[in-house]
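# Tertiary structure, described
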Amino acid sequence: MGPIPIPRETRHRPAPQVPLRRDARSISRTSLPGNPLAPSAARRFARAALADWTRLGLLATCTFCQGETCCSPGRHSTDLLADDAVLIVDELVTNAVVHAGTTVELLCRLEVPSGDAPEDAAGDDSGDTAEAPAPDEPAALVLEVSDHHPARPVQSDPNGAPPSGSGTPGSGTPEYGRGLQLVSALAERWGITYRSGLKTVWARLPLEGRDAGPGRSPAEPAARRGPRAAGLAAPAARRTVRDDPEWAGGGAHSFLAEASELLAGQLDEDLVAALAGQLLVPRLADWCAVWLDGEDAQAAAAPRLARVWHADESRIEPLRTALEKESPRLPAPPYATPVPVPWPALETTANDGTEAAEGSAVEGAALACRLVANGRSLGTLMIGRPGGSTVPGEVTSLVEDFARRVALGIGAARRYARQVTISRVLQRGLLPSQVARIPGVTSSLVYEPSDDGLAGGDFYDVFPCPPDDRWCFMLGDVQGSGPEAAVVTGLARPWLRLLAREGYGVGAVLDRLNRLLLDDATEAAESASLMAAVAAGGTGAPPGAPQASPGLPEGRQARFLSLLYGELTPRPDGTGVRCTLASAGHPLPLLLRPDGTVRPAAEPQLLLGVVESVAYESSTFDLEPGDTLLCVTDGVTERRSGRRMLDDGDGLARALAGCAGLTAQGVAERIRRAVHDFAETPPGDDLALLVLQAE
């Protein structure tokens, strides 16, 4: 890289600036953390600021659109301003994060000549660092990026050697000041201002004469720019910028960066395909189509046409009809290189026999590119540009880069879909298909896994134990989550059913389950969990897998399990039921009397799977008509809001006391709502609660 350009002039004094129309809303500022996510957040903020100014009327969409004369798509005077601003912000914020590592302050300001501003606005101190505009200067957008590391010089040693303590010795490439060449090329004027504890790099982008288009004079009135759309859901598409060399060298990088962020955040392959079409059309092409290959057993099937997008929506269906007849034929090896393909044979007449719309049969250049990720072909991307025989090389290279990002997004969405499928299959086998109806008792159950894509660690069951007139219930929570927890759940619930039906009492059931969790069956559970993790696309042990605990033989891992287990039997007098239960490391059940009093219904005991020589004891009490027993997992008691938990200060007991007089279903819904309302964010753990109410 050549010498870093030196700014034309650096001022060391703040100069007052005048906001556009005396409106404080013409200034937008934000503070960003000094981490790798800051550039992405800065790009979104800059686009949002321009969009807000357009919506508020501080910026006109396009100065050249007057009366009945409007610019064609892509020729608006707003196009390059948004791309240039986002690119400069991205570069400067990246510099600040990499070379200063402090909090980054970003300011975007609309600026008019001081001679056009009201007199009482002249003393406005909204501008901190950029020099004041001369009275005859045009309106401009000013960008300022500040960090709190002013000691780092921004200059280049002639020999390319970094200053002491920075950069890489002998590399020949300074590790500071990158991006300033780009700023110098795009900005009318830029500079660096040092203040006490603060360094600011600012750039001034004039609003006048930018992308005026054929026949437009740069001397026309200043274009108060702002994107027609925020560009947050999808970067704004522009038709003619695809052939603009300036955009190909600058805005294209911003386009690819935002496309990567959008595509990587989608978990559905069809949505990735839809976004790809909206991103490409009409910025790089007039139309776009995406085919998706089948998976596994469907791999040999014909590709599925997942998405067709056209700049003219009236032509989407005719184009889809033509493309459905035959997918593009590409070379056999899955190379992700764009190749020219024949233009699709579009119908020249409409369905009613009349002539199709003018230009619907115009041919042009079509390009197809395989979507390849990790050496596997996932589909095909095809674009069309009418009016030419070939696609420019710059566009071909850009489409190739874009196709790689689409392929990565589709691959990630498919891996997520496989994981969700495995988890749902596991979940169906881990939990009962229905909860048994207990005579004389009304029950209500709430179960909400924290992640729909993973099998949860909470489990429950209510089942009869013939031939005795007993009904058993359980509510448990396995350590961890995901496949490991699912496998232990799949073992614990059948073991509990078997022990209960063998006639063991509540305490004896927990004793035997504790020993089972500590014996060699745990090793089988670990092997099965590792197999499930590999099947879900992982390698080796899942992240966060617990390590071997002290005192266990080598090769074995502890499997902790909290469990609330009990049994219900009818009372001899026919009123209510007798309940015997035990809690092993589980949140204690709460008993609500009709008068609103609440008390714990069990004593705390050790978790299952920790110590072998432990004897579990049970508690017995009567559930009289109107009594309510609430059983929950730690997803309820440990629900957090900042540093507070829901059960701090007996918070759950107070919430239950307010449920006196409600039905079992009403109590369950009231507690569920209390959990969700306790914090603004969704629950981060599985939520399970069981309510039993004597009739």
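Residues numbered from 1 in each chain as written. Predicted model: local features only at pLDDT ≥ 70, side-chain atom pairs only at ≥ 80, totals over all residues. Heavy atoms only, no water.

## Some details on the overall build of the protein chain
Secondary structure summary: the protein chain contains 14 helices and 22 strands in total. For the protein chain, buried positions account for 48% of its 695 residues. If you take every contact in the protein chain between residues at least 6 apart in sequence, the share linking residues at least 24 apart comes to 70%. As displayed, the protein chain offers around 31700 Å² of accessible surface, 51% of which is attributable to carbon and sulfur atoms. (Helix = DSSP H or I, 4+ residues; strand = E, 2+ residues; numbered from the N terminus. Buried < 20%, exposed > 50% of the residue type's maximum accessible area, 1.4 Å probe, protein only. Contact = heavy atoms within 4.5 Å. Areas by Shrake-Rupley, 256 points an atom, 1.4 Å probe, with all protein chains shown as cover.)

## A short note on the sheet that holds strand S22 (residues 687-694)
One open sheet accounts for five strands, arranged S11-S22-S19-S16-S17; its pairing is antiparallel. The open sheet is flanked by strand S11 (441-448) and strand S17 (598-600), the only strands paired with a single partner. On average, each strand axis in the sheet is inclined to that of its neighbour by 20 degrees, with strand direction left out of account. Note: strand S16 (residues 590-592) against strand S19 (residues 628-632), three bridges, orientation antiparallel. Bridging across to S19, Leu 591 finds its partner in Leu 629. (Pairing = 2+ DSSP bridges. Axes fitted to C-alpha atoms, helices over the stretch in contact; angles between N-to-C directions.)

## As for the nonpolar core
For soluble globular proteins, the rule of thumb is that nonpolar side chains tend to be buried together. Residues Phe 459, Phe 473, Leu 563, Tyr 565, Leu 568, Leu 608 and Leu 629 are the most contacted members of the largest nonpolar core, which totals 53 residues. Of all the elements, helix H9 (residues 482-501) adds the most residues to this core, at eight residues. (Core = buried A, V, L, I, M, F, W, Y, C linked by side-chain atoms within 4.5 Å.)

## A closer look at unusual backbone geometry
Backbone torsion omega between Val 281 and Pro 282 reads 0 degrees, so that peptide bond is classified as cis. Among the structural elements, Pro 282 can be located in the loop between helix H6 (269-280) and strand S6 (287-292). In this structure, Asn 374 takes a positive phi of about 55 degrees despite not being glycine. Its place among the elements puts Asn 374 in the loop between strand S9 (364-373) and strand S10 (376-386). For Asn 374, a relative accessible area of 71% corresponds to the exposed category. A positive phi angle is found at Asp 650, which is not glycine, with a value near 55 degrees. Summarising the element assignment, Asp 650 is placed in the loop between strand S21 (644-645) and helix H13 (651-657).

## Re the pattern of salt bridges
Tallying each qualifying case throughout the model produces 27 salt bridges. Taking the shortest distance from any N to any O, the salt bridge between Glu 111 and Arg 204 comes out at 2.7 Å. Highlighted residues: Glu 111 in strand S2 (residues 104-111) and Arg 204 in strand S5 (residues 198-206), separated in sequence by 93 residues. Take Glu 111 and Arg 204: they sit in the same class, and that class is buried. (Salt bridge = Lys/Arg side-chain N within 4 Å of Asp/Glu carboxyl O.)

## Things to note about the packing of aromatic side chains
Taken as a whole and assessed by the stated rule, the structure comprises three aromatic pairs. Arranged with centres 5.7 Å apart and planes meeting at 20 degrees, the rings of Phe 255 and Phe 402 form a pair that is stacked. With Phe 255 in helix H5 (residues 251-264) and Phe 402 in helix H8 (residues 393-430), this residue pair connects regions lying 147 residues apart in the sequence. Accessibility expressed as a relative area gives 2% for Phe 255, which makes it buried. With a relative accessible area of 0%, Phe 402 lands in the buried category. (Phe/Tyr/Trp six-rings, centres within 6.5 Å; stacked < 30°, edge-to-face > 60°.)

## Notes on the sheet that holds strand S12 (residues 458-465)
Taken in spatial order, the five strands of this open sheet run S12-S13-S14-S15-S18, and their pairing is antiparallel. Pairing within the sheet leaves two strands with one partner each, and these edge strands are S12 and strand S18 (619-623). Averaged over all pairs of adjacent strands, the angle between strand axes in this sheet comes to 20 degrees, irrespective of strand direction. Note that strand S14 (residues 561-570) and strand S15 (residues 577-584) share eight bridges and pair antiparallel.

## Quick notes on helix H7 (residues 316-324)
When H7 is considered as a whole, its buried residues turn out to be Ile 316, Leu 319, Ala 322 and Leu 323. Down the axis of H7, the buried side of the element spans an arc of 130 degrees, and every buried residue falls inside it. In this structure, the buried side of H7 is in contact with S6, strand S7 (304-310) and S10. (Arc of directions from axis to C-beta.)

## Re the confidence of the model for the protein chain
Overall, the prediction assigns the protein chain a mean pLDDT of 75, with 69% of residues at 70 or greater. Across residues 72-76, where pLDDT falls below 50, the model places 16 contacts with residues more than four positions away in sequence or in other chains. Predicted confidence is poor over residues 153-178, with pLDDT under 50, and the contacts of this stretch with residues over four places away or in other chains come to 34 contacts. (pLDDT = per-residue confidence, 0-100.)

## A short note on the environment of Leu 205
For Leu 205, the position within the fold is in strand S5. Residue classification places Leu 205 among the buried positions, given a relative accessible area of 0%. Sequence separation of Leu 205 and Ala 85 is 120 residues, and the distance between their C-alpha atoms is 7.8 Å.

## Points about the environment of Leu 689
Its place among the elements puts Leu 689 in strand S22. Along the primary structure Leu 689 and Val 446 are separated by 243 residues, whereas in three dimensions their C-alpha atoms are 5.3 Å apart. Setting aside anything within four residues of it in sequence, one finds Leu 689 in contact with Ser 444, Leu 445, Val 446, Leu 475, Leu 630, Cys 631, Val 632, Val 636, Ala 668, Ile 671 and Arg 672.

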